[in-house]
Amino acid sequence: MYYISFFILWQALYENKFSVSSINQYNTVNQAVLSGATSASFTSQNISTQPNSPPIISGDFGEKMYKKTEQTYPDFFKKAKEIARKLGNESLYKPLLTTMYHESARTFSPSISAPGNVTRGLIQFYFGQKKEIKIRNKIYTRQSLENMTRVMQLDVVLDFYKQWEYLLNGKSWSYLDIYIVTFWPAGVGKPDSYILQKKNLSAENVAKENPAFNKILKRPFGEPLTIAKLKQYYRLQGFPLN
């Protein structure tokens, strides 16, 4: 599957590195190659939320954000730890919260969506042009996800990671696995030299459609992305890595 990260793309747009017209082109590509994945393409002016969306939580990734989340949304924080335990290790609440914070534009909104109404929720569940998606044999519509509280939607988040657990080949989840399975599942367990590309998507196009990676890493626009680069990006952004 292929994925354009909400926050990565938003960040590049904010810095005037990506055009709105390009987003429409990339959405078309995504719809052709994604199925049941998470995906998002946002502009800083076009983030769609429901009227009761939560306020943006200030603070960077890491301990400050975790503490602020626990204070602001104690039930959500408690449930995040619960689903982390179900994934095998309570400490996984850290990469889970980091991912949801990142993908929901620092809002933890269960109803936030991308332009074109193609995604929904905490980790931007991808619909594309579909009316419904299936995650672990459960059917969800945009409306059903919107109607959930953020605490309720954590059960869907758990199911999302559970359905990709086979990629670990019996190993325990690492923090990095959480980030990569959300962004590029085929990269789970691959060596640092692994290049992000698909048969119908060149490495250069993958990089161009996710421009903030090379922007943050101070690398040439369109330079292929690797697992090593993803790790470096996550470190620079303050994502916890175990």
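Residues numbered from 1 in each chain as written. Predicted model: local features only at pLDDT ≥ 70, side-chain atom pairs only at ≥ 80, totals over all residues. Heavy atoms only, no water.

> Run through unusual backbone geometry, naming residues and quoting values.
Its identity is not glycine, yet Ala-105 carries a phi of approximately 55°, on the positive side. The topology assignment puts Ala-105 in the loop between helix H5 (93-103) and strand S1 (119-120). In this model, Asn-117 sits at a positive phi of 60°, which is unusual for a non-glycine residue. (Helix = DSSP H or I, 4+ residues; strand = E, 2+ residues; numbered from the N terminus.)

> An account of the confidence of the model for the chain is requested, with residue identities and associated values reported.
Confidence in the prediction of the chain, expressed as mean pLDDT, is 81, and 76% of residues score 70 or more. At the level of individual helices and strands, the chain shows its lowest average pLDDT in helix H2 (residues 20-33), which scores 35, and its highest in helix H4 (residues 74-86), which scores 98. The low-confidence segment residues 6-53 (pLDDT under 50) makes 127 contacts with residues lying over four places distant or belonging to another chain. (pLDDT = per-residue confidence, 0-100. Contact = heavy atoms within 4.5 Å.)

> Residues and numbers for the pattern of salt bridges, please.
One pass over the structure, following the stated rule, counts 12 salt bridges. The salt bridge involving Glu-90 is made with Arg-85; its shortest N-O contact spans 2.7 Å. The class of Glu-90 is partly exposed, set by a relative accessible area of 32%. With its nearest N and O atoms 2.9 Å apart, the salt bridge here joins Arg-219 to Glu-223. What you see here is one network of salt bridges that share partners, running through Lys-81, Arg-85 and Glu-90. (Salt bridge = Lys/Arg side-chain N within 4 Å of Asp/Glu carboxyl O. Buried < 20%, exposed > 50% of the residue type's maximum accessible area, 1.4 Å probe, protein only.)

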